[in-house]
Amino acid sequence: MATATLNNPVGRTQTGEAERHSEGPVARNIENYTAQVPSDWFLWAAGASIVGSLTLHALNRKEDAQFVGQWVAPFMLLGVYNKIVKVAGSDRVHGS
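Residues numbered from 1 in each chain as written. Predicted model: local features only at pLDDT ≥ 70, side-chain atom pairs only at ≥ 80, totals over all residues. Heavy atoms only, no water.

**Re the environment of Ser-49**
Argument step 1. Take Ser-49: it is sitting in helix H3 (residues 40–58).
Argument step 2. The contact partners of Ser-49, leaving out residues within four places of it in the chain, are Val-68, Trp-71, Val-72 and Phe-75. (Helix = DSSP H or I, 4+ residues; strand = E, 2+ residues; numbered from the N terminus. Contact = heavy atoms within 4.5 Å.)

What follows is the structure in structure tokens.
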């Protein structure tokens, strides 16, 4: 392995590393469409899930409230994925 440098402590070329670990065509297409969705949609969806869950709970529909309340975490996770794709998606390597 090459000697580590200050800018690249592992001693690898970043372009070569990114090329070796790049996404396949399916993931690139998903990232292309995902990056077009505004990030705040996921926050609104999570907030709507919380409000919906509270409303169902107030209407004494406890199981439905729990089901809808469990949507919050996936919406937030999708929002994080969306942000990562926008900041560091495969288009950094392939220029798409």
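So much for the structure itself; the text now carries on.
**Observations concerning the packing of H3 against helix H4 (residues 62–69)**
Argument step 1. H4 packs onto H3 with a crossing angle of 170° between their chain directions and a minimal axis gap of 8 Å. One finds that H3 runs roughly antiparallel with respect to H4. Between H3, through Ser-49, Gly-52, Ser-53, Leu-56 and His-57, and H4, the contact on the second element is made entirely by Lys-62, Asp-64, Ala-65, Val-68 and Gly-69.
Argument step 2. Split by residue class, the contact of H3 with H4 holds 3 nonpolar, 5 polar and 2 charged. (Axes fitted to C-alpha atoms, helices over the stretch in contact; angles between N-to-C directions. Parallel < 35°, antiparallel > 145°, perpendicular 65-115°, else oblique. Nonpolar A, V, L, I, M, F, W, Y, C, P; charged D, E, K, R; others polar.)

**Re the pattern of salt bridges**
Argument step 1. This model, assessed by the stated rule, comprises 1 salt bridge.
Argument step 2. The closest approach of N and O atoms between Asp-64 and Arg-61, which form a salt bridge, is 2.9 Å.
Argument step 3. Judged by relative accessible area, which is 33%, Asp-64 ranks as partly exposed. (Salt bridge = Lys/Arg side-chain N within 4 Å of Asp/Glu carboxyl O. Buried < 20%, exposed > 50% of the residue type's maximum accessible area, 1.4 Å probe, protein only.)

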